[in-house]
Amino acid sequence: MWSTTPGERSMLASIVRAIAAPRVLEIGAFRGETTRVLAEAAASRGGRVVVIDPMRWAAELVTNGLTRHLPDSLAGYFEPLTTWLGPASYEQSFWRNVGVHARSVQLFRALSTDSALLESPAPELQSFDVVFIDGDHGHAGALHDLERWGARTVPGGTVAVHDAVSRFPGVCAALGEFSRAHEVLVDMPAEDSLALIRVIRPFVRSRVSVRERRTAPLDRPRPPD
């Protein structure tokens, strides 16, 4: 599925509103329906939302669309579609959906595996109170997002993972592996397909490298005026 359900969005909003001045990270925003809810909740408590998404149809339709439903042995056959789709973007739809809450959103137009992003010293990327992961649904990609981004969640915070259901075995397997490695409990699913990890103690940051790639210099477009 490409969007969260009303119940999932309501739960995410309640988690964010429970924190003063929340620092929220969303990986995989697509057209911003969930971003709008996160930003509204964060702004009401004096917080902000950081979004990591390439804003490219090639990434959404191929990597997060077609190939996430296919076994790894077949997924590679669809990679040429990313070249055909080129730089076509859904960013305009994203900002339109975020609407008046754009001032509370900082967008990094990149993949979560981008090495420049992962190594960035930017303070807004170092730690978060809530991390919502809805990116690559393969096992390797989902595990990467948990280890390299979910593990930036501070004690008292929450890691939320979308599509944690049997239809997406890669996501479920990654959650299982992550929970065993860090000895955390996963409420799976807590609402519809939303799994939650309540963070009690600091994570030991992993240096796991899963398909990390360096793209163009880090791009941080501002919301439209």
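See the structure above.
Predicted model only: the values in this text are computed from it and were never measured. (Residues numbered from 1 in each chain as written. Predicted model: local features only at pLDDT ≥ 70, side-chain atom pairs only at ≥ 80, totals over all residues. Heavy atoms only, no water.)

Attention now moves to the side chain of D145. With respect to the secondary-structure elements, D145 resides in helix α8 (residues 139-148). D145 has contacts with I27, S112, I133, G135, D136 and G150, leaving out every residue within four places of it along the chain. (Helix = DSSP H or I, 4+ residues; strand = E, 2+ residues; numbered from the N terminus. Contact = heavy atoms within 4.5 Å.)

This next bit is on the environment of V37. Positionally, V37 belongs in helix α2 (residues 33-44). Note on V37: relative accessible area 16%, which makes it buried. Between the C-alpha atom of V37 and that of H101, which follows or precedes it by 64 residues, the distance is 8.9 Å. In contact with V37, not counting residues within four places along its chain, are R9 and A13. (Buried < 20%, exposed > 50% of the residue type's maximum accessible area, 1.4 Å probe, protein only.)

The next subject is the pattern of salt bridges. Oppositely charged side chains are able to pair whenever their charged atoms sit close together. Counting across every chain of the model gives 3 salt bridges. The partner of R23 in a salt bridge is D129, and the shortest N-O contact between them spans 3.1 Å. Within this pair, whereas R23 is found in strand β1 (residues 23-27), its partner D129 is found in strand β4 (residues 128-133), the two being separated by 106 residues in sequence. For D129, a relative accessible area of 11% translates into the label buried. A salt bridge links E183 to R201; the nearest nitrogen and oxygen atoms lie 3.6 Å apart. One end of the pair, E183, is in the loop between α9 (169-182) and β6 (187-191); the other, R201, is in the segment after β7 (194-198), with 18 residues separating them in the sequence. Given a relative accessible area of 42%, R201 falls into the partly exposed group. (Salt bridge = Lys/Arg side-chain N within 4 Å of Asp/Glu carboxyl O.)

All right, on to the packing of aromatic side chains then. Considering all chains together, one arrives at 3 aromatic pairs under this definition. Seen in terms of ring centroids, F94 and W95 are 4.9 Å apart; in terms of plane orientation they differ by 75°. Their pairing is edge-to-face. In terms of burial, F94 and W95 fall into one category: buried. Relative to F203, the ring of F178 has its centre 5.4 Å away and its plane inclined at 45°; by these criteria the two rings are tilted. Of this pair, F178 sits in helix α9 while F203 is found in the segment after β7, placing the two residues 25 residues apart along the sequence. A residue is classified by how much of its surface remains accessible, and F178, at 0% relative accessible area, is buried. (Phe/Tyr/Trp six-rings, centres within 6.5 Å; stacked < 30°, edge-to-face > 60°.)

Counting 31 residues, the largest nonpolar core has L25, L146, W149 and L175 as the members making the most contacts within it. Taken together, the elements giving at least two residues each to this core come down to β1, β2 (48-52), α7 (115-118), β4, α8, β5 (153-161), α9 and β7. For this core, the element with the most residues is α9, which contributes 4 residues. Leave out the neighbours within four places in its chain, and L146 touches I133, A151, V159, V161, A174, L175 and F178. Of all hydrophobic cores here, the second largest spans 28 residues; its members include I19, F30, V49 and Y90. (Core = buried A, V, L, I, M, F, W, Y, C linked by side-chain atoms within 4.5 Å.)

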